[in-house]
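Each chain, written out:
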Amino acid sequence: MAIKVIKEKCVGCGACVTVCPADAINMIDKKAIITDKCIACGACINKCPVEAIFKEEGNKGGVNIDEYRGVWVFAEQREGKTLNVVRELLGEGRKIADELETELTAVLLGHNIEDEANLLIKYGADKVIYANHELLGVYTTDGYAKVIYDLIQERKPEIMLIGATNIGRDLGPRLSAKVHTGLTADCTRLDVDKENRRLMMTRPAFGGNLMATILCPNHRPQMSTVRPGVMEKAKIDENREGIVQVVKPELKDSDIKAKVIETVKSDKPVVALEEAPIIVSGGRGLGGEEGFKLIEDLAEKLGGVVGASRATVDSQWIEQSHQVGQTGKTVRPGLYVACGISGAIQHLAGMQDSKCIVAINKDPNAPIFEVADYGIVGDLYEVIPELIQALDNVDDIMEAVKALSNE
Ligand SMILES: Cc1cc2nc3c(=O)[nH]c(=O)nc-3n(C[C@H](O)[C@H](O)[C@H](O)COP(=O)(O)OP(=O)(O)OC[C@H]3O[C@@H](n4cnc5c(N)ncnc54)[C@H](O)[C@@H]3O)c2cc1C
């Protein structure tokens, strides 16, 4: 939906220029000219005293979807290194591309990071479009949206997957509005209707009480931001070969309105929940902040990290960065120990794909036991110290078990 000027009506008053938030209107020969910086907000339409500006309705029936082919993955990088979620998207993108018998392309924007581009091939991409430009080293909404928009217009992918990180959640909607296509945010599952080449994008809705599967039948690309930690990571194959196409995008300083002056990293310790092979989580059953000391002891004994339910975060017993669940982190460790956690659907949404779940809860009917591989019904203040003690003696126990099995 483009904004257009009826030249004959324009009186050259410049009112639209002053109201435009994107600095997208030039006055040439006393006529307003709308440039490609336009974000189609429509502010100029209301301001024009002579009704010379209007919004052109797009093709409501959609685009010619047969012109669009291929699956794209946005290869988000920070300081030149692509994120883990990119490997997850490549894993999922590979499956989708194979099903649709099409190409998987990674789209990498950055500056002088050739090695990273080559690595994406080894993780499953057939092709990498690597846009190399000094203005793309650091993420900016305008810069990234412009470059990817131009690429989409030129090459017409049918599917575009973006990690639902802070950057991905910013970029996705800006891009989809620019391209005028549909975006499903924060998906936790993707399937393909092969016959119609439709992506079935599933995400939790209404506080996680409903899983909505959303389609984008008439517009392309079908865009989805995908929650980090949910999809399985692609495995590296050192021998994989593909094509890296380096492009030098048309990008000027003036295309980017927001300037990044400095990036400051939080000095809070990073809780690498998504990467942890073992997580010990505490819930409201701990009864208070001090209960997390016991959780930390067990986590330390197991070599894991501490997770938490939202109830404990809301009660300010622990930092939000520890929260597991729909509005926290999605994890799939080898071992997840849920202590005093009831198993609300919003918590389960973030941990039910863990390989092995152990639940400790004094209520035998707690829903957490429905997903647990092993359950202990009891007071966590009695159970956990006993577990820690058993772990202290694990060598002796293993010896005893071996001796038994040899008998
Ligand atoms: C939109 C939305 C998003 C949400 N996102 C999240 C999210 O990301 N993550 C999340 O966790 N929640 C989330 N929630 C909240 C969620 O609905 C639950 O309220 C929350 O998970 C409950 O936390 P809990 O299990 O610690 O507490 P409770 O539900 O109060 O459960 C405490 C459990 O501890 C047991 N217990 C009590 N004392 C002991 C003891 N001494 N020993 C052993 N067991 C004991 C009890 O039997 C009970 O089962 C969200 C809610 C909404 C509406």
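Look up a bit, the structure's there.
Nothing here was measured: the structure is a model prediction, and the numbers come from that model. (Residues numbered from 1 in each chain as written. Predicted model: local features only at pLDDT ≥ 70, side-chain atom pairs only at ≥ 80, totals over all residues. Heavy atoms only, no water.)

A.B. asks: Would you mind going over the side chain of Thr102 in detail, with residue names and values included?
C.D. replies: Within the element layout of this structure, Thr102 appears in the loop between helix H3 (84-100) and strand E8 (104-110). Given the relative accessible area of 17%, Thr102 is considered buried. If we ignore the near neighbours within four places in the chain, the residues touching Thr102 are Arg69, Gly70, Val71, Arg94, Ala97, Asp126, Glu158 and Arg197. (Helix = DSSP H or I, 4+ residues; strand = E, 2+ residues; numbered from the N terminus. Buried < 20%, exposed > 50% of the residue type's maximum accessible area, 1.4 Å probe, protein only. Contact = heavy atoms within 4.5 Å.)

A.B. asks: Can you lay out the nonpolar core for me, pointing to particular residues and giving the numbers?
C.D. replies: Ranked by size, the top nonpolar core spans 33 residues in total, and within it Leu90, Ile96, Val128 and Leu190 carry the most contacts. Listing elements by their share of this core, those giving two or more residues are strand E5 (71-74), H3, E8, helix H4 (114-122), strand E9 (127-132), strand E10 (159-163), strand E12 (189-193) and strand E13 (198-205). Sorting elements by how many residues they give to this core places H3 first, with seven residues. Ala131, Tyr139, Tyr144 and Val179 belong to the second largest nonpolar core, which has 24 residues in total. (Core = buried A, V, L, I, M, F, W, Y, C linked by side-chain atoms within 4.5 Å.)

A.B. asks: Describe in detail the site of the ligand, supporting the description with residues and values.
C.D. replies: Lining the immediate surroundings of the ligand are 25 residues, of which Arg284, Ser309, Thr327, Ser342 and Gln346 lie closest. Within the contact set of the ligand, an oxygen atom lies 3.3 Å away from a backbone nitrogen or oxygen of Gly328. The separation between an oxygen atom of the ligand and a polar side-chain atom of Ser342 is 2.6 Å. When the ligand sits alone it has 990 Å² of accessible area, and the protein chains cover 77% of it. (Near = heavy atom within 4 Å. Polar contact = N/O pair within 3.5 Å; in protein donor to acceptor, adjacent residues only side chain to side chain. Areas by Shrake-Rupley, 256 points an atom, 1.4 Å probe, with all protein chains shown as cover.)

A.B. asks: Before we move on, could you go through the packing of helix H7 (residues 291-302) against helix H11 (residues 380-392) and cite the residues and values that matter?
C.D. replies: Two numbers describe how H7 lies on H11: the axes approach to 10 Å, and their chain directions differ by 25°. Regarding the angle of H7 to H11, the classification is roughly parallel. Once H7 is placed against H11, the crossing between them reads as left-handed. Judged by residue contacts, Gly291, Leu294, Ile295, Asp297, Leu298, Lys301 and Leu302 of H7 engage Leu380, Tyr381, Ile384, Pro385, Leu387, Ile388, Leu391 and Asp392 from H11. Class assignment for the residues of the contact of H7 with H11 results in eleven nonpolar, one polar and three charged. (Axes fitted to C-alpha atoms, helices over the stretch in contact; angles between N-to-C directions. Parallel < 35°, antiparallel > 145°, perpendicular 65-115°, else oblique. Left-handed = near helix turned anticlockwise from the far one by under 90°. Nonpolar A, V, L, I, M, F, W, Y, C, P; charged D, E, K, R; others polar.)

A.B. asks: So what's going on with helix H5 (residues 141-155)? Which residues, and what values?
C.D. replies: If you check H5, its first and last C-alpha atoms are 21 Å apart, about what 15 residues at 1.5 Å a residue would give, namely 21 Å. Among all positions in H5, only Thr141, Asp142, Gly143, Tyr144, Ala145, Lys146, Val147, Ile148, Leu151 and Ile152 are buried. Directly after H5, the chain includes Lys156, whose backbone phi takes a positive value near 50°. (Expected span 1.5 Å × (residues − 1).)

A.B. asks: Can you break down the sheet that holds E10 residue by residue, with the values?
C.D. replies: The sheet built from seven strands is open, its strands ordered E11-E15-E10-E5-E8-E9-E16 with parallel pairing. The sheet is open, and its two borders are formed by strand E11 (183-187) and strand E16 (243-247), each paired with just one other strand. Along the sheet, successive strands turn relative to each other by an average axial angle of 20°, direction set aside. Two elements, E8 and E9, share six bridges in a ladder whose sense is parallel. (Pairing = 2+ DSSP bridges.)

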